[in-house]
Amino acid sequence: MQSSVELWQKNLHRARQARDLVFDYALGTSLVALLPIAGYYSLRLLLVLFLLAKMCRDIGKVWQFPRGQDLLAIAGNIFGAIGAVITASVVWVILLAIGIWVPYFDSFKGFAGLFTLTWMLGQSTNQYYANGAAKQPSR
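Note that the structure is predicted; figures quoted are calculated from it, not measured. (Residues numbered from 1 in each chain as written. Predicted model: local features only at pLDDT ≥ 70, side-chain atom pairs only at ≥ 80, totals over all residues. Heavy atoms only, no water.)

Colleague: Describe the overall build of the chain, and please don't skip the residues or the numbers.
Modeller: Along the backbone of the chain there are five helices and zero strands. Dimensions of the chain, computed from the C-alpha atoms along their principal axes, are close to 60 × 25 × 25 Å. Looking at the 139 residues of the chain, the share that counts as buried comes to 34%. Summarising the internal contacts of the chain: among those between residues at least 6 apart in sequence, 81% fall at separations of at least 24. Of the accessible surface of the chain, which amounts to about 8800 Å², a share of 71% is contributed by carbon and sulfur atoms. (Helix = DSSP H or I, 4+ residues; strand = E, 2+ residues; numbered from the N terminus. Buried < 20%, exposed > 50% of the residue type's maximum accessible area, 1.4 Å probe, protein only. Contact = heavy atoms within 4.5 Å. Areas by Shrake-Rupley, 256 points an atom, 1.4 Å probe, with all protein chains shown as cover.)

The following block contains the structure:
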């Protein structure tokens, strides 16, 4: 039987691990946008989608895939993913617009958009699994 302090420390450690994992994946996916390979956009998109799916799976592995999330947590994860796509699109458009006046910023629109997408999707997934872990004190 774990005390509540030990459980809190374990969950805090898991949250830190997941946050670091999300940052690593966000950097990795955003660097894919900077690859100097012209034309292979479909290949890059598949690579990014693979990395996003792997990130979500790895976050679940950190939290040991808890079950029992309520409907609100499931809806929050779905809306978090939708919000991540919308926010990443807005970041991309903003840097595209700034790139009209300062061409240097135009080259980083993919980098910033993918970083935002990955970061927000990872945080949403982390919150989803953390919600389930809070309900299962035996893990």
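From this point on, the discussion continues.
Colleague: Summarise the nonpolar core; cite the residues concerned and give the values.
Modeller: Counting 22 residues, the largest nonpolar core has Leu52, Met55, Ile59, Trp63, Leu117 and Leu121 as the members making the most contacts within it. Of all the elements, helix α2 (residues 41-62) adds the most residues to this core, at seven residues. Every residue in contact with Leu121, bar those within four places of it in the chain, is listed here: Leu52, Met55, Cys56, Ala81 and Ala84. (Core = buried A, V, L, I, M, F, W, Y, C linked by side-chain atoms within 4.5 Å.)

Colleague: So what about helix α3 (residues 71-101)? Which residues, and what values?
Modeller: Helical geometry note: an α-helix holds 3.6 residues per turn, so side chains three or four residues apart project in the same direction. The terminal C-alpha atoms of α3 lie 46 Å apart, and with 31 residues this matches the ideal 45 Å at 1.5 Å per residue to within 8%. Among all positions in α3, only Ala73, Asn77, Gly80, Ala84, Ala88, Leu95 and Gly99 are buried. Where α3 is buried, its residues touch α4 (103-106) and α5 (109-134). (Expected span 1.5 Å × (residues − 1).)

Colleague: Could you give an account of the layout of surface pockets, naming the residues involved and the relevant values?
Modeller: Counted as a void, the largest pocket has a volume near 410 Å³. Around the largest pocket sit 17 residues that line it, and Leu45, Val48, Trp92, Gly110 and Leu114 are the ones nearest its centre. Elements represented by at least two residues in the lining of the largest pocket include exactly α1 (4-33), α2, α3 and α5. The dominant element in the lining of the largest pocket, judged by the number of residues it contributes, is α2, at six residues. Each residue belonging to the lining of the largest pocket can be placed in one class, and the counts come to twelve nonpolar, three polar and two charged. (1 Å grid on protein atoms, 1.4 Å probe; cavity = no way out; pocket = protein on both sides within 12 Å on 5 of 7 lines; lining within 4 Å. Points joined across faces, edges and corners; volume = space filled by probe spheres on them. Nonpolar A, V, L, I, M, F, W, Y, C, P; charged D, E, K, R; others polar.)

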